[in-house]
Amino acid sequence: MDLTTLLVAFIVSYLLGALSFGRIVAKLVRPDVDLNDVEMRWANADEPYRLQSVGGNTASMKLGPRLGCTVGILDILKVFIPTLVFRLLYPEQYYFLVAAVAGFIGHCWPIYYRFKGGRGISAFYGGMFAIDPIGAFVVATTAMVIGMAVLKELLLVYMGGVLLAIPWLWFTTQNPYYVAYALAINVLFILAMIPEIKQIIQFRRKYGKGDMEVGMEQFPMGQQMLKLMGKLRLTKR
């Protein structure tokens, strides 16, 4: 690979990934809303659980499901587009994997916002849709089924798709570069999730595991998942 092209792929993708569409949309339509101050209820807790990221979920909770969905789509596209462009321009090289990783880094640690961004789910799927669109659907669906129906674990629903990308890309490609991409995304994702993981551990020690359905009720995407679970008779209510 050419070093100059690799650096261009990384820098361009990082700068695009660093665009926080949650903040941009909020500033355009609801400048009075602060996406840095979003709270959730934790079952049996007498204090709020504070979300420490800015992305599609926080936007949907503050701005409503339509604008939250818009933010999520834009966050996907900002990684999907440069990844796809580099894949089409250099089909025999792996610049597109570098672009996907760089866009993910930009989303999680945006230079424009003092390196405080989202946790990377939308950015991950933006890259995956350009790299392996079938795989993106498979890992997302599998994570939701296992997390919601089997283990009843909201954190697995959220993180599972990223984790499952490793075995999926290994078994479907047997390509070490694809596996290295998946491993890099997982390491970066865990690093980005450290503040949330610390808070979850603290709340579970004080108040117990919590109720997955209570957590899902508090953001629009979770509400839609609960409706689906209800139709499949997987909810407790």
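Source: prediction; values computed, not measured. (Residues numbered from 1 in each chain as written. Predicted model: local features only at pLDDT ≥ 70, side-chain atom pairs only at ≥ 80, totals over all residues. Heavy atoms only, no water.)

What follows deals with the confidence of the model for the chain. When the pLDDT values of the chain are averaged, the result is 84; 83% of them are 70 or greater. Averaged over each element, pLDDT in the chain is lowest for helix 10 (residues 212-216) (54) and highest for helix 5 (residues 95-108) (97). (pLDDT = per-residue confidence, 0-100. Helix = DSSP H or I, 4+ residues; strand = E, 2+ residues; numbered from the N terminus.)

Before going further, it helps to examine a nonpolar patch on the surface. A cluster of nonpolar side chains, contributed by Leu3, Leu7, Phe10, Ile11, Leu15, Ile111, Tyr112 and Phe115, occupies part of the molecular surface with about 750 Å² of accessible area. Position of Tyr112 relative to the elements: it lies in the loop between helix 5 and helix 6 (121-131). (Patch = residues over 30% accessible without salt bridge, like charges linked within 9 Å, V, L, I, M, F, W, Y side chains within 5 Å. Areas by Shrake-Rupley, 256 points an atom, 1.4 Å probe, with all protein chains shown as cover. Salt bridge = Lys/Arg side-chain N within 4 Å of Asp/Glu carboxyl O.)

Between its first and last C-alpha atoms helix 1 (residues 3-17) spans 21 Å; for 15 residues at 1.5 Å apiece the expected length is 21 Å, and the two agree. Among the residues of helix 1, those classed as buried are Thr5, Ala9, Ser13, Tyr14 and Gly17. Take helix 1 and look down its axis: the buried residues cluster within an arc of 155 degrees, on one side only. The outward face of helix 1, more than 90 degrees from its buried face, is lined by the exposed residues Leu3 and Thr4. Elements in contact with the buried residues of helix 1: helix 4 (65-89) and helix 5. The backbone nitrogen of Thr4 has a side-chain oxygen 3.3 Å away, supplied by the residue at the start of helix 1, namely Asp2. (Expected span 1.5 Å × (residues − 1). Buried < 20%, exposed > 50% of the residue type's maximum accessible area, 1.4 Å probe, protein only. Arc of directions from axis to C-beta. Contact = heavy atoms within 4.5 Å. Polar contact = N/O pair within 3.5 Å; in protein donor to acceptor, adjacent residues only side chain to side chain.)

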